[in-house]
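Residues per chain are reported as follows:
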Amino acid sequence: MNTYSLIDDRQSDIYITTPPTVSSAQSDSRLSPFLPLLTAFIMEFSRRDSASATSQDLHKDNVKSTPLTGINSVSPGEMAEVSRMPESLRELGADEVACLNKKLVRKMDLVILPIIGILYILNYIDRQNLSAAKLQGITNDLHMTTQEFATAISILFVGYLPFQIPSNLLITKIPRPGLYICTATVIWGSISAATAAVQSYGQLLAVRIILGVVEAVFFPGAVYFLSTWYTKKELGKRLAGLYIAQQVGNAFGGLFAAAIFQLDGAHGIAGWRWLFIIEGSATVGIGSICAFFMPEYPHNARMLTQFEKDLAVWRIESEAGAAEGTENEKVLKSFVQALADPKLVLLIFCNMMSQAQGSIANYFPTLVASLGYSKTISLLLTAPPYILAGFVYYGITFYSDRKNTVYRIIMCCIAIACTMYIIPMATTNVGARYFSMMVLPFSSVGPQILLYKTINLHLARPTAKRAAASALVNCIGGTVNIWASYLYYAPPRFFAAMGTLMGCAVLFACTLTFYRWFVRRENKRLDSKNPVEIAKVIKGGVTQEMVDLGWRYEMY
């Protein structure tokens, strides 16, 4: 008698079934690939993690056996997954699929992550170099007051925020999203370099608005792009890669600025103008090179063989339905679906409070300068906090992917951040204040990584809806940067800034707790198997296809 093991990925139970009317040869070809394909979906970031994940899935402690009831005992979700399985994958054994999946993920990591990371470093440096230019006298040369400089910082978001939504809706319909992102990089690099030519405050505002419009393409587009390639157990660490790149940009942006400022006066050009010329030109050159290597969607990526394309698409389809580039949903319909999803409102407010906390990055050089050191030393002191933040980001996302959780991590970050906000307000001791500055970047910004992971997994389908939701959350949430720029005055204690950020942290924690209750209630409705209750969940933003696949709101 032949037996076949089918793993229910959600319950982690093994059911033994025997098709009574199917021959051994037929059964092997139909069902035996099912186990290795499911285990292949949870490959981790490295070889060691991948092997560990596969081993854990193949050796679950909780095993149930059921009578040999035949093929009808297979759940609808399992049958849906089998019916979607590409022909090229059905003849492979467990070891083959696990090995090939590991190689595929490694190949994706070696190509996609370095390119996205480099582009984000350039994106953040070009957006934040105005803060560094302040230390080199841009306010004096352009005759700006403190309030006018704050306006120049925040005016970027006037262009940046509203254009994220149409850009992300457009990227779902573009067959080459990688080229789209790289083209935007070249354009914003040119605009950043042109900032060196401004001669007045009004000209600076105009350039900053245009820069914001073009940079709106990158971050929400990159988050969406990563979610088209990586599964739910892989996405967290890859999003962390974006934020680690951000911290590298912050850390080395200050170091690069300190080096470039040594050119102050060369050829009669001020140091802050050299900053924009050199960093903007570098962005144009690097963006042009990346355009030749940036992949597209899994189904049309030139870097993959046809077999690898089948496997890459199947990995995504098996979790939540249709993969990117295979749906025909209308953009406007998907946008309306995103607006009608009640979870979106809660996530938008959470992101608003989180981005308010993250606004500290826009003024971090100013905070460090309040310690009383020289301009060069202040720029150098901005590097260690960002380097530490990079390590912490990887740590929290590794834990999040491994344990499939985000709520506890976010709440822990919020608690740490609230403590750190108190220190600058309570003391002028340089050591204590710099300690808080070491901790604030990762504790204030870290929750944003896990929020974007939540958005892309809880608002998964249709794909255009997910793209719209991601842009809406980032767009509306980012509006806080407009008013948050006016908080950072009255050094060294910065009462207005630290007090406001603490209040935002508390509101963030309360809203996220309510969101947790909401999605856990939806899961109970799905588990009830009651058609009336399931209909309520579908009305709240889950597709019938996701229900058939046994999909659940996870991580909370």
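Numbers given to residues run from 1 along each chain, matching the order in which its sequence is written. Totals for whole chains, interfaces and linings use every residue, but because this is a predicted model, local features are given only for residues with pLDDT of at least 70 and side-chain atom pairs only at 80 or more, for both listing and counting. Based on all heavy atoms of the structure, the side-chain values leave hydrogens and waters out of the count.

Visitor: Mind showing me how you'd approach the overall build of the chain here?
Guide: The helix and strand labels rest on DSSP assignments: H or I over at least four residues marks a helix, E over at least two residues marks a strand, and numbering proceeds from the N terminus. Secondary structure assignment for the chain yields 27 helices and 2 strands. The cut-offs for exposure are 20% and 50% of the maximum accessible area for each residue type, with area from a 1.4 Å probe on protein chains only; residues under the lower value are buried, those over the upper are exposed, and the others partly exposed. Buried positions account for 57% of the 556 residues belonging to the chain. In the chain, the share of contacts with a sequence separation of at least 24, taken over all contacts with a separation of at least 6, comes to 80%. As displayed, the chain offers around 21,400 Å² of accessible surface, 64% of which is attributable to carbon and sulfur atoms. Only heavy atoms enter the contact rule, under which two residues are in contact if any of them lie within 4.5 Å. Using a 1.4 Å probe, the Shrake-Rupley method yields the accessible areas, and only the shown protein chains count as cover for residues.

Visitor: How should I be thinking about the packing of aromatic side chains in this particular structure?
Guide: We describe a pair of aromatic rings using the distance from one ring centre to the other and the angle between the two ring planes. In this analysis, rings of Phe, Tyr and Trp, with Trp reduced to its six-membered ring, are considered paired at centre separations within 6.5 Å, and the interplanar angle assigns stacked below 30 degrees, edge-to-face beyond 60, and tilted for intermediate values. The final tally for this structure, using the stated rule, is 12 aromatic pairs. Ring centres of Trp188 and Phe218 lie 5.9 Å apart, and the angle between their planes is 75°; on these two criteria the pair is classed as edge-to-face. Taken together, the positions of Trp188 in helix α10 (residues 177-194) and Phe218 in helix α12 (residues 218-227) put the pair 30 residues apart, joining distant regions of the chain. This pair shows no difference in class: Trp188 is buried, exactly as Phe218 is.

Visitor: Would you mind going over the packing of helix α5 (residues 94-134) against helix α11 (residues 201-215) with me for this structure?
Guide: To describe two helices that pack against each other, one gives the angle between their axes and the distance between the axes. Only the stretch in contact is used when a helix axis is fitted, and all axes are lines through C-alpha atoms; the angle between N-to-C directions ranges over 0 to 180 degrees. At a closest axis distance of 12 Å, the pairing of α5 and α11 adopts a crossing angle of 160°. As the angle between them shows, α5 and α11 are arranged roughly antiparallel. For the pair α5 and α11, the crossing hand works out as left-handed. The residues of α11 that touch α5, namely those facing Asn123, Asp126, Arg127 and Leu130, are Leu204, Arg208, Leu211 and Glu215. Throughout, the ten residues Ala, Val, Leu, Ile, Met, Phe, Trp, Tyr, Cys and Pro are labelled nonpolar, Asp, Glu, Lys and Arg are labelled charged, and all others, Gly among them, are labelled polar. Taken together, the residues of the contact of α5 with α11 break down into 3 nonpolar, 1 polar and 4 charged. Orientation categories follow fixed angle ranges, with anything under 35 degrees roughly parallel, anything over 145 roughly antiparallel, 65 to 115 roughly perpendicular, and all other angles oblique. It is the rotation of the near helix from the far one that decides the hand of a crossing: anticlockwise by less than a right angle makes it left-handed, clockwise makes it right-handed.

Visitor: Hey, could you run me through the state of the cysteines in this one?
Guide: Where two cysteines share a covalent bond between their sulfur atoms, that bond is called a disulfide. Put simply, a disulfide is two cysteine sulfurs that come within 2.5 Å. Counting across every chain of the model gives 0 disulfides. Summary of cysteine pairing: Cys182 is not part of a disulfide, and the nearest cysteine sulfur, belonging to Cys290, is at 5.6 Å. For Cys182, a relative accessible area of 1% translates into the label buried.

Visitor: Would you mind going over the environment of Thr146 with me for this structure?
Guide: Tracing the backbone through its elements, the reader meets Thr146 in helix α7 (residues 146-154). As a C-alpha pair, Thr146 and Tyr486 span 340 residues in sequence and 9.4 Å in three-dimensional space.

Visitor: It is not clear to me how the pattern of salt bridges should be interpreted in this structure. Could you clarify?
Guide: Any two side chains of opposite charge can pair, given that their charged atoms come close. A side-chain nitrogen of Lys or Arg and a carboxyl oxygen of Asp or Glu constitute a salt bridge if their distance falls within 4 Å. This model, assessed by the stated rule, comprises 12 salt bridges. For Lys107, the salt bridge goes to Glu308, with nearest N and O atoms at 3.1 Å. Of this pair, Lys107 sits in helix α5 while Glu308 sits in helix α15 (residues 306-320), placing them 201 residues apart in sequence. A relative accessible area of 28% means that Lys107 is categorised as partly exposed. A residue is classified by how much of its surface remains accessible, and Glu308, at 18% relative accessible area, is buried. Between Glu522 and Arg521 there is a salt bridge; the shortest N-O distance is 3.4 Å. Taken together, the salt bridges that share partners define one network made up of Arg521, Glu522, Arg525, Glu533 and Lys536.

Visitor: What should I look at first to understand the environment of Thr382 in this one?
Guide: Along the chain, Thr382 falls in the loop between α19 (375-381) and α20 (383-403). By relative accessible area, which is 3% here, Thr382 ends up buried. Non-local contacts of Thr382, meaning those with residues more than four positions away in its chain, are made with Asn250, Gly254, Phe364, Pro365 and Val368.

Visitor: Help me understand the side chain of Thr397, please; the structure alone is not making it clear to me.
Guide: With respect to the helices and strands, the residue Thr397 is situated in helix α20. A relative accessible area of 0% means that Thr397 is categorised as buried. Polar contacts involving the side chain of Thr397 include one to the main-chain carbonyl oxygen of Tyr393, which spans 2.8 Å. Throughout this description, a polar contact denotes any pair of N or O atoms lying within 3.5 Å of each other; where both atoms belong to protein, one of them has to be capable of donating a hydrogen while the other can accept it, and for residues adjacent in sequence the pair is counted only when both atoms sit in side chains.

Visitor: What is the right way to look at helix α13 (residues 232-260) in this model?
Guide: Along an α-helix, residues three or four positions apart point the same way, because every turn accommodates 3.6 residues. For α13, spanning 29 residues, the distance from its first C-alpha to its last is 41 Å, which sits close to the expected 42 Å at 1.5 Å a residue. For α13, the principal kink sits at Phe252 and spans about 25°. Along α13, 21 of the 29 residues are buried, which leaves the element largely enclosed by surrounding structure. The span expected for a helix works out to 1.5 Å for each residue beyond the first. To obtain the bend at a residue, axes are fitted to the seven residues ending there and to the seven starting there, and the angle between these axes is taken.

Visitor: Explain unusual backbone geometry here, please?
Guide: Residues apart from glycine generally show negative phi values, whereas peptide bonds are mostly found in trans. Residue Pro492 is bonded to the preceding Pro491 through a cis peptide linkage, with omega at 10°. Notably, His143 is not glycine yet its phi reads approximately 55°, a positive angle. Structurally, His143 is set in the loop between α6 (138-141) and α7. At Asn404, a residue that is not glycine, the phi angle is positive and equals roughly 55°. With respect to the helices, strands and loops of the structure, Asn404 is situated in the loop between α20 and α21 (407-426). Residue classification places Asn404 among the partly exposed positions, given a relative accessible area of 26%.

Visitor: Help me understand the nonpolar core in this model?
Guide: The tendency in soluble globular proteins is for nonpolar side chains to be buried as a group. Throughout this description, the term nonpolar core refers to a set of buried Ala, Val, Leu, Ile, Met, Phe, Trp, Tyr and Cys residues connected via side-chain atoms within 4.5 Å. With 158 residues, the main nonpolar core has Ile138, Phe218, Leu242 and Tyr556 as its most contacted residues. Per element, the largest residue contribution to this core is 13 residues, and it comes from α5. Of the domains in this structure, domain 1 (91-322) and domain 2 (328-555) are the two that each give at least three residues to this core. If sequence neighbours within four positions are ignored, Ile138 has contacts with Leu130, Ala133, Met144, Phe149, Trp272 and Phe276. Boundary definitions for the domains trace back to an automatic or database domain assignment.

Visitor: So what exactly am I meant to see when it comes to the packing of α13 against helix α14 (residues 271-290) here?
Guide: Where α13 contacts α14, the axes come no closer than 9 Å and their chain directions differ by 125°. Between α13 and α14, the angle is such that the two are oblique. You can see that α13 and α14 cross each other, and the crossing is right-handed. Contacts between α13 and α14 pair Gly253, Phe256, Ala257 and Ile260 from the former with Gly271, Trp274, Leu275, Ile278 and Glu279 from the latter.

Visitor: I keep staring at the environment of Asp264 and nothing clicks. Help me out?
Guide: Within the secondary structure, Asp264 sits in the loop between α13 and α14. We classify Asp264 as partly exposed; its relative accessible area is 44%. Placed 11 residues apart in sequence, Asp264 and Leu275 show a C-alpha to C-alpha distance of 9.5 Å. Setting aside its immediate chain neighbours within four residues, Asp264 contacts Gln136, Ile269, Ala270 and Gly271.

Visitor: What am I meant to see in the confidence of the model for the chain here?
Guide: Note: predicted coordinates in regions of low pLDDT should not be interpreted at a detailed level. Each residue carries a pLDDT score, the predictor's own confidence in it, on a scale running from 0 to 100. Residues at a pLDDT of 70 or more form 82% of the chain, whose mean pLDDT is 79. The model gives residues 1-80 a pLDDT under 50, and that stretch makes 142 contacts with residues more than four places away or in other chains.

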